[in-house]
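Structural characterization, general
Single-letter residue listing:
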Amino acid sequence: ATLVATLPTLARAPKGDGHPVLLLPGFAAGDATLEPLRLFLRSRKYDVETWGLGKNVGFNRRYAKVIEQKLRYMHHRSGRKVSLVGWSLGGVFAFFASHVAPECVRTTISLGSPLRLDPDHPPPPSVLAMYRALENPKGTLAHAAHSRSRAMRAPPPVPSTCIYSMTDGVVPPQQATLAGDPGDHENIRVPGSHSGLGVNFLVMWIIADRLAQAEGKWRPFHPSGAFD
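Not measured: the values here are computed from a predicted model.

What counts, and at which threshold
Residues numbered from 1 in each chain as written. Predicted model: local features only at pLDDT ≥ 70, side-chain atom pairs only at ≥ 80, totals over all residues. Heavy atoms only, no water. Helix = DSSP H or I, 4+ residues; strand = E, 2+ residues; numbered from the N terminus. Contact = heavy atoms within 4.5 Å. Buried < 20%, exposed > 50% of the residue type's maximum accessible area, 1.4 Å probe, protein only. Polar contact = N/O pair within 3.5 Å; in protein donor to acceptor, adjacent residues only side chain to side chain. Phe/Tyr/Trp six-rings, centres within 6.5 Å; stacked < 30°, edge-to-face > 60°. Salt bridge = Lys/Arg side-chain N within 4 Å of Asp/Glu carboxyl O. Pairing = 2+ DSSP bridges. Right-handed = clockwise from strand over helix to strand, strands pointing away.

What about the environment of P20?
For P20, the location among the structural elements is in strand β1 (residues 20-24). In the structure, P20 is positioned 58 residues away from S78 in sequence and 7.4 Å away in space, judged by C-alpha atoms. Residue contacts for P20: discarding those within four places in its chain leaves D47, M74, S78, R80, K81, V82 and S83.

So, in structure tokens, the structure goes:
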């Protein structure tokens, strides 16, 4: 409801240069959850695609390889670097792809993504139960082992942004942020819930602002426009 009310303001968000953008859904979600964000970014003149793999049932090497291949294909087809935007576990896939194929990536953005799973601060029991049912009996620790195998606790060698919320309710802030060089990495805090990040007005504006930067001229986010 809030998103609908803010559509006139979002219509003034920065427009881009038409480069390709790949959207990746969260855990137990599919492409349909990305439709508002896809339509918004298309209105900002981007060539937007979603992952096309159905429901995200957890981080595994087969899906990671397919996403890497799709990223490389989009880069080859367009002749331009691709921006990646991942919501929740989709952000883990996005950062993974940026680590393994940085030459194909323009910028990477995560939305409440568990980039640094902490066994001492596990997700709520309901999330653990869903993960075990859909992905692995070991739960999220299996995902942690996979992600850490690719040095996922550090930002990728491309400009990157972690968007997180203190009121996320699923992924704690310390797991959704990374320490890195402020010259090419940033953590941006927004108000909102985990399940609402992909339709959050402020998040959409930030994504549009980040993607609209000229290639090779990335700068940290400075509030402007709708934030004034």
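Let's talk about the environment of D168
Counting through the fold element by element, D168 comes out in the loop between β5 (160-164) and α8 (173-176). A relative accessible area of 5% means that D168 is categorised as buried. On a C-alpha basis, the gap between D168 and G196 in space is 8.9 Å, while along the polypeptide they are 28 residues apart. Non-local contacts of D168, meaning those with residues more than four positions away in its chain, are made with G112, G192, S193, H194 and L197. At a separation of 2.8 Å, a polar atom in the side chain of D168 contacts the main-chain amide nitrogen of V171.

A look at the environment of K45
By secondary structure assignment, the location of K45 is in the loop between α3 (35-43) and β2 (47-50). Here the alpha-carbon distance between K45 and P14, two residues 31 residues apart in the chain, equals 9.8 Å.

Things to note about the packing of aromatic side chains
Enumeration according to the criterion identifies two aromatic pairs in this entry. Look at W51 and Y63: their rings are 5.4 Å apart centre to centre, the planes differ by 90°, and that puts the pair in the edge-to-face class. Of this pair, W51 sits in the loop between β2 and α4 (61-78) while Y63 sits in helix α4; the two residues are twelve residues apart in sequence, bridging distant segments of the chain. Both residues of the pair, W51 and Y63, count as buried. Of the aromatic side chains, those joined through ring pairs into one cluster are W51, Y63 and F93.

Section: unusual backbone geometry
Even without a glycine there, the phi angle at K45 is positive, about 80°. Of note in this structure, S88 is not a glycine but carries a positive phi near 55°. Overall, S88 belongs to the buried group, its relative accessible area being 10%.

Section: the side chain of T177
Among the structural elements, T177 can be located in the loop between α8 and β6 (185-189). Residue classification places T177 among the buried positions, given a relative accessible area of 12%. A distance of 2.9 Å separates a polar atom in the side chain of T177 from the backbone oxygen of P173. Ignoring sequence-local partners within four residues, the contact set of T177 consists of R116, C162, Y164 and N187.

Quick look at the pattern of salt bridges
Across all of its chains, the model carries eleven salt bridges by this definition. Across the salt bridge formed by R106 and D17, the nearest N and O atoms sit 3.0 Å from each other. Taken together, the residues R106 in strand β4 (residues 105-111) and D17 in the loop between α2 (7-10) and β1 connect sequence positions 89 residues apart. For R106, a relative accessible area of 8% translates into the label buried. The closest approach of N and O atoms between R72 and E103, which form a salt bridge, is 2.7 Å. A residue pair is termed long-range when its members are at least 10 positions apart, and R72 in helix α4 and E103 in the loop between α5 (89-100) and β4 qualify at 31 residues. One salt-bridge network, in which partners are shared between bridges, spans D17, R80, R106 and E215.

Brief notes about helix α9 (residues 201-211)
Judged by how many residues are buried, α9 sits mostly within the fold: ten of eleven residues are covered. Residues F201, V203, M204, W205, I206, I207, A208, D209, R210 and L211 constitute the buried set of α9. Measuring from the side-chain oxygen of the N-cap residue of α9 to the backbone nitrogen of L202 gives 2.9 Å; that N-cap residue is N200.

Details of the pairing of β1
Counting buried positions along β1 gives five out of five residues, so the element sits mostly inside the fold. A two-sided burial pattern is seen for β1, the buried positions comprising P20, L22 and L24 on one face and V21 and L23 on the other. By the bridge criterion, four bridges tie β1 to β2 in an arrangement that is parallel. If you follow L23 over to β2, its bridge partner there is T50. Crossover handedness for the path β1 to α3 to β2: right-handed.

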